[in-house]
Structures are given as structure tokens and as C-alpha cells.
Protein chains: 2
Amino acid sequence: MSDTPAFHATPIFPRGFRCASRNVGLKPTARDLTLFVSQVDAAAAAVFTRNHFPGAPVVLGRETIKAGTGGTLRAVIANSKVSNVATGATGVENARRMARAAAQEIGASADKVLVSSTGVIGVRLPIEKIEAGVIGMTADLQDDPMVGAEGIMTTDSHPKALSASVGNATITWVAKGSGMIEPNMATMLSYIFTDAAFDGPTLDRLLRAAVKPSFNMLSVDTDTSTSDTCAILANGLAGSVDEAEFLAVLTAGCTRMTEILARDGEGAEHLLRVSVRGALDDGEAYVVAKSVLNSPLVKTMVHGADPNVGRLLMAVGKCFSCTIRPATTDAWINGYQVVANGERLDFDDAIVRETLSREVVDLEIALGVGDGVARAFGCDLTKGYVEENAAYYSS
Amino acid sequence: MSDTPAFHATPIFPRGFRCASRNVGLKPTARDLTLFVSQVDAAAAAVFTRNHFPGAPVVLGRETIKAGTGGTLRAVIANSKVSNVATGATGVENARRMARAAAQEIGASADKVLVSSTGVIGVRLPIEKIEAGVIGMTADLQDDPMVGAEGIMTTDSHPKALSASVGNATITWVAKGSGMIEPNMATMLSYIFTDAAFDGPTLDRLLRAAVKPSFNMLSVDTDTSTSDTCAILANGLAGSVDEAEFLAVLTAGCTRMTEILARDGEGAEHLLRVSVRGALDDGEAYVVAKSVLNSPLVKTMVHGADPNVGRLLMAVGKCFSCTIRPATTDAWINGYQVVANGERLDFDDAIVRETLSREVVDLEIALGVGDGVARAFGCDLTKGYVEENAAYYSS
């Protein structure tokens, strides 16, 4: 993965943010409930899944944080193991009870708490365990974002947090991912904290701009979660920050977190990045990049480090709605050209095999049609993915 | 799989059709070249892949058989192991040489020979082996369609042929499938032979009508082959046949062959059928059926017989462009209802586990929005798929 020096060696929180996590009995022993708290009101914005069956926390979250204008938050409470999706009116009421329980614990109103749940779909949320478990969590609040990241893990192999400085302020990202991931106008669970000062509408605009080339270009398995949520909280304790500089760091952090989530996709052994240039426009570049990234035959080729590069052309060629000219189509794997003018080059199999076996595999496609560009992030398809998902509910 | 009594217990050819297959050195020992011959000129129609990188045989095939009007054929020659795709002008010239070699062997003109190649993309066709190997094949011509089916197998686990009667005529289907299969306006390699009498334009219309609800609703892995070809040859030796009756049997055979191809998808252990009803229109039903059929999380749920039925709602819900109303969405697995009004029912896990473990798994989705219907055919996602495709080129 690319090194971005702006990130702190060990993630820290911005001024005024802390978190805690606990086991409250949803999982056998692992932490399953996380509370993030800002000591003062924070302006907030969020984007949510476009899935037609949003989870109850997403339904409630859209009330709490309005698209376009944002909202005000004091806390985020999130549990793992059960996603509270496809649970009807009772599910929404349980999400409200979860907000109220957290609000009572921190001494705020319930409409300043964002709720998330992640895990199995279609199982009733054991709300009583959460209500009992949250009591006393303020006493556990501490300064390490990784502790919060741990409480929201499902099939993630490690907790995920990042932080970076921008002017006098700090931005901190905490996320979880792994499977059922092809966010669309939103993302998996991802929380961003900053002490920079921005109002809700500005935060909303900056968040959408940062999410577009990062989380929205991620796909582990083409399946769009019913719980996708990406929220940003800005408590203003560091004062104002240059907006362009903030957006650049915000986007860089979202992109880096996207790479971390892709690399830790269920069963993944490689981070796969697909860059497309020369498309008719950015929209067509997006379609081609996602087609190559999501092709099971491209993903298994990377997994097996098998130089079966004709599959790249197959995956470009199945974008029926796009302008594709075989005579101007070129392709590279980690900078090594394997296709020129729509034909497979007579390359050295051993070189391609070696480069495909690296942890990070960059596929580049040049279409020679226009100026459209896109970059998408994903992973290989492995037996581990099949194994994890053939018995997820039961395990 | 459903029993359709119209099919013969052992597939036979219509009057005037025979075939032969041989090993000509493309594979180590298995048959790798097949020749189908009609003793008289046959009216013909064909549909081909919509992939932007069609194989050289598809480029040539579109010259031989015109969309809309069809053409005239005496023979089909097809090889396995190498697909002759992404091979440039030399590839097209090699396809022409293959047609000429077959034409010379049977004593016909080259424009009456349809050529197909299937196998690895981006490898030069060893045309000399085919030209030498086809010599003397007319002496091998015999009456068992399975012998022809054997010569076109790639990762298929068994050769595939069917036949059925319609009036005084016979229809015979010979196909291969397995991976890189989500046909679009065409199909994998599939040849249909009949002694019924139809002209080219009529055959073209009947073929397109039969392919639409069958081969075009098949997806093994969302990847659209660069070689997809479905051709029908009608030599007229049985005289005329009722057109409606012919179309019904033609469609039934294409549907049955679609099920056989899905069940033998790479690594597949289950045939998966997804029926959608109550969609806004047939177009939206198609999108939802394909979304459920292609969802890796639904496919692994079936593979693991894991009653994680919330994934059905996730896969329906990610059809962003469709009209989906959670309150009217119901779902069944092999007739057992698991979702009502967008909520997971409190069902018996053991029953769902048992029904998911059957060889054929029928998923039904009722959207309660309109009258649109669709049915799609696929298979589960297994470690076998990953294993076969991580080293296909090298094996």
C-alpha cells in the first residue's frame, strides 16, 4: 500500500473526542458495543446506504442527520453481531431505545446520538443487553480510537483507525468493513472525527466530495450492505481550518481507509486497484473500472497469480453500454504492459506471475477514446471468502 | 431438476445430421475438435456475444450468418482449449483457415461452415494442428450427438446434449458452458439442429424468442464470454412443422439446457433458480432476478445451506433503479416462506437448512408492485470455482 506521510504512526483523537467499548453479551466474549463521545456539540453530516431495505439505525439516522444540512451530535453508539435490519417497526423502536440509553449515559438528548448496528440481517436486536451494557460506559472513555474500532468489528481481521493533522486540527477515521461491500453513495460503517470548525451544510458537502473517489469506489463483493453509514463529527475545538486543505486531507484519509478495508475484505489476500483512463467520460470510466474490479475471473486470476490476462479484455468488453474500441485498448499489471491495441502481448509469463503475486496489484486500462478517468478498490476472490460466507449466520 | 417428458431418454440427431470429434493435439489426450455436418444445405440463424472483444470466430460468424436474415450452413467446426480471442488480424485469418479446412473435408464452400473456438483467451490458435487434424474426419461421422459435445468441453464436467420430437421433426441441442457465463443476447457455445423446414429469417426470429427466457437468463459468474455463440441449423428433411409447437419445444429445450449448464457451472453443487413476480414490469423483474442470482452472499448462503435469508432482501434492495416497497416484499425458498412484508419470518432454521441443502434451490421473490415477471438460472459459489479459476491458464 502507498505510504502517505501525513498519517500519524499511532492514531489519536482530535480534541474533545473519546471512546469506549465493551462486551455486553451480543458476542460470547469479544467487544460488541462502542460509544464515541464529543465533550461539546459537534456539527455532523452523514451519508447512508441506498439499499431499498435500510436497517432500522439508518432509518433513524436519516431523521437525526439530514441530507444537505447535516445535524448536531454529541455521540455515536454502535454495536456489532446483529444489524437490526428487516426487523420492522420493532427494529426502529429498538434503535430509538439504543439512542435514548446512550443519551442518558452521557447526559444529552437522544436526538444528538447517532446509532449504528452491524452484523446478521433479520435477527431481533437484543436491546435489553445494550441498555444494561451501556450503563457506566462514560467511566471507560479513553483516548485510543482503536478501542472504539474493536467494538464494531464483524468479520474484520483487525480494528481500523487512522489520524492526520490539518493545520491546527486533527482528523480521525474509524471504520469496519469486510463483506457485503459495494457502497453506493455511502459506505460501510465509517466514522470521522475532527476538531476543525465547520457548519453542517459545509461538512455535508465536504463529506460527499471525499466519499465519491474513495469509499464509493470500493467493492469487496458487489453486495451493497443494508447498514452502510459514513458520518463525520466536527466539534470545532481547534477553530477554523483552510477548507481546501481540509478536504485534501479528508479525501486522502478516506482513500487510505478504503484501501485498508479492501485489503481486509473477507478472505482477501491482495489489495486490487483498477485505474481506467481514456474513457469517453468519467461515468464510463467508472463502469469499466467496477466491471474489471468485480469480475470473478479477474479476481481469481489475481488470487492465483495466473497470467490469464485475456480476462481483462473480457471484463472491459462486457461493458455493453460503454464506448470501447479494441484497436485503442491497452492494459498494464503493476506497470508491465500485457495488452496493446486490444491484443495480448507476447510477454514473459514469469514476470507477470511475479507481479501478480505481490500484495498490491495495480491494473491499468487505457481505452484511448476520451478523457474519462476512474479508480476503484477491491480485493481478490478466495476460498476464504466462500468459507466465511457459507456459514456466517450459523457461526 | 424438472422432468420434461418431451426429451428423448438418449439424445439422437434429426435426419441428415451427423458429427465426429477427435484429439488433434490441442489438449494432451482428450477430444478437442468437433465437426457437425448436415448432408444437405441447412437454413441457419445465430446469436453471438455482445462483448466488445468478440473472438475471431465470432467476427467471422457474423459474416457467415447475418442477424435478421440468417444464412445457409453445411457444417459447424469447433475446437476447445484455445478460444482465438484477442489475437488480432492473424486470429481472424486463422478462423478463415479453419472454415476452409472443414469445407474441403466435407466438399462444400467455406462460407457454409460456422467456426467456433473455446478456451483460453489471448493465445494463438494452433491452426496447423487443426488443418492436419480435420483431414479424414468425414469417415468418423456417426449418429451420437454426445460425441460432438465431448469435443467442445472445457471445464465442463460432462458432455451436454438433448433431443426432443416436434411433429414429424426432431430438435437436438448440443452445448458447453461452465464459466465466464452471463450471456447477453447470445449464449455460450450452443448448437441446435433440426430437420424441420424453416427459412433463415423465421429461424432467426424463433431462435431469439427461445433464447430470451432461457440462455439469456443464465449466469454462472456475471462474466460474459468473448466467444458466446448459439446457432440453429434447419435442413428441412422432415418437412414443415407447426411454428408455435416448434417454438414451444425449442424454448423448452433451451431452458432445460440452461438448467444443465447452470448446474454444471464451475465448482457448482446446486442449481439455483430465482423467480421474481409482482415487479413494476418485466425489465425490473429481470434486474431483481439477476441481482439475487448473482449476489455472492446469496450464492454462498445456498452453498453453505445457511439460513441467512436477510441476504435475499439485501440483494433485492441493491436494485437502486427499481421500484421496491419493503412493506409488500415476500420471499420463499423451495416454497417455504421466509420473508413477509419485508421482514424475516420467525421460521424453523432446520427446515430452511434442509431445503437449502437440496440439489435444486428455487428462490421466489414477490414484490407486490406490478405484473412484471422473470426467472433466472445460476448456481452456488464454491471453493471449487475459486480453485478452477485461480489456475485456469496454467493448468
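Residues numbered from 1 in each chain as written. Chains lettered and ligands numbered in written order. Predicted model: local features only at pLDDT ≥ 70, side-chain atom pairs only at ≥ 80, totals over all residues. Heavy atoms only, no water.

Caption draft 1: The side chain of T300 of chain A, seen in detail. With respect to the element layout, T300 of chain A can be found in helix 8 (residues 296-304). The buried category is assigned to T300 of chain A, whose relative accessible area is 0%. Polar contacts involving the side chain of T300 of chain A include one to the main-chain carbonyl oxygen of P296 of chain A, which spans 2.8 Å. Among all residues touching T300 of chain A, those that are not within four sequence positions of it are R311 and L381 of chain A together with Y385, V386, N389 and A390 of chain B. (Helix = DSSP H or I, 4+ residues; strand = E, 2+ residues; numbered from the N terminus. Buried < 20%, exposed > 50% of the residue type's maximum accessible area, 1.4 Å probe, protein only. Polar contact = N/O pair within 3.5 Å; in protein donor to acceptor, adjacent residues only side chain to side chain. Contact = heavy atoms within 4.5 Å.)

Caption draft 2: Fine view of the UniProt feature "binding site: substrate" (unreviewed entry) in chain A. The UniProt record annotates "binding site: substrate" (unreviewed entry) at T154, K176, T187, E266, N389 and S395 of chain A. In this structure, T154 of chain A sits in the loop between helix 4 (145-151) and strand 5 (160-166). You can call T154 of chain A partly exposed: its relative accessible area is 23%. Assignment of secondary structure puts N389 of chain A in helix 11 (residues 383-390). In contact with N389 of chain A, not counting residues within four places along its chain, are E266 of chain A together with L297, T300, M301 and R311 of chain B. Here E266 of chain A takes part through its side chain, which lies 2.7 Å from a polar atom of the side chain of N389 of chain A. (UniProt positions renumbered as here; feature names shortened; annotations may be inferred.)

Caption draft 3: Structural context of the interface of chain B and chain A. Contact residues are listed per partner, giving 59 residues for chain B and 59 residues for chain A. In total, about 5,000 Å² of surface goes out of reach between chain B and chain A, with carbon and sulfur atoms giving 61% of it. Linking E387 of chain A and K383 of chain B is a salt bridge whose minimum nitrogen-to-oxygen distance equals 2.5 Å. Run the count over chain B and chain A and you get 18 residue pairs in polar contact (both at pLDDT 80 or more). Secondary-structure elements contributing two or more residues to the side of chain B that touches chain A are helix 2 (88-106), helix 8 (296-304), helix 9 (310-317), strand 12 (343-344), helix 10 (349-356) and helix 11 (383-389) of chain B. (Buried area = accessible area lost by both parts, 1.4 Å probe. Salt bridge = Lys/Arg side-chain N within 4 Å of Asp/Glu carboxyl O.)

Caption draft 4: A look at the sheet that holds strand 13 (residues 360-366) of chain A. All names here are of chain A. Pairing is mixed across the open sheet formed by six strands, whose spatial order is 12-11-10-13-9-14. Edge strands, defined here as strands with exactly one partner in the open sheet, are strand 12 (343-344) and strand 14 (372-379). The pairing of strand 10 (residues 330-333) with strand 13 spans four bridges and is antiparallel. Of the residues in strand 13, the one forming a bridge with A331 is I365. Strands in contact with helix 6 (residues 243-263) are strand 9 (271-279) and strand 14; relative to strand 14, the strand with the most contacts, it is inclined by about 40°. Sheet contacts for helix 7 (residues 282-294): strand 9, strand 13 and strand 14; angle to strand 14, the most-contacted strand, approximately 25°. (Pairing = 2+ DSSP bridges. Axes fitted to C-alpha atoms, helices over the stretch in contact; angles between N-to-C directions.)

Caption draft 5: Structural view of the relation of the copies chain B and chain A. Screw-axis analysis of chain B against chain A gives a translation of 0.0 Å along the axis, an RMSD of 0.0 Å, and a rotation angle of 180°. As the rotation angle and translation indicate, the two copies are arranged about a two-fold axis. Minimal C-alpha distance to the rotation axis in chain B is attained by K383 of chain B, lying at 2.4 Å. A share of 100% of the interface residues of chain B reappears at the interface of chain A, consistent with the copies meeting face to face through the same patch. (Least-squares fit on C-alpha atoms with pLDDT ≥ 70 in both.)

Caption draft 6: Representation of the pairing of strand 2 (residues 33-48) of chain A. All names here are of chain A. Taken across its 16 residues, strand 2 has 13 buried, putting it largely inside the fold. Pairing geometry for strand 1 (residues 17-22) and strand 2, over six bridges, is antiparallel. Directly across from A20, in strand 2, lies its bridge partner L35. Judged from the six bridges that link them, strand 2 and strand 8 (residues 229-239) form a sheet pairing that is antiparallel.

Caption draft 7: Inspection of the domain arrangement of chain A at higher detail. All names here are of chain A. What the domain assignment lists for chain A is domain 1 (17-263) and domain 2 (271-390). The partner domain 2 presents 16 residues to the 16 residues of domain 1 that form the contact. Summing the contributions of domain 1 and of domain 2, the shared interface buries around 1,400 Å²; its carbon and sulfur component is 53%. On the domain 1 side of the interface with domain 2, the three residues burying the most area are M217, E259 and R263, jointly 41% of the side's total. The residue R263 makes a salt bridge to E359 at a minimum N-O spacing of 2.6 Å. Summed over the shared surface of domain 1 and domain 2, the number is five residue pairs in polar contact (both at pLDDT 80 or more). (Domains from an automatic or database assignment.)

Caption draft 8: Inspection of the pattern of salt bridges at higher detail. Applying the stated criterion to the full structure yields 40 salt bridges over all chains. A salt bridge links R31 of chain B to E150 of chain B; the shortest N-O distance between them is 3.4 Å. Placement of the pair is R31 of chain B in the loop between strand 1 (17-22) and strand 2 (33-48) and E150 of chain B in helix 4 (residues 145-151), with a sequence separation of 119 residues. We classify E150 of chain B as partly exposed; its relative accessible area is 35%. With a shortest N-O distance of 3.0 Å, E243 of chain B and R205 of chain B are connected by a salt bridge. Of this pair, E243 of chain B sits in helix 6 (residues 243-263) while R205 of chain B sits in helix 5 (residues 200-211); the two residues are 38 residues apart in sequence, bridging distant segments of the chain. Judged by its relative accessible area of 31%, E243 of chain B falls in the partly exposed class. Put simply, R256, E259, R273 and D362 of chain A are held in one network by salt bridges that share partners.

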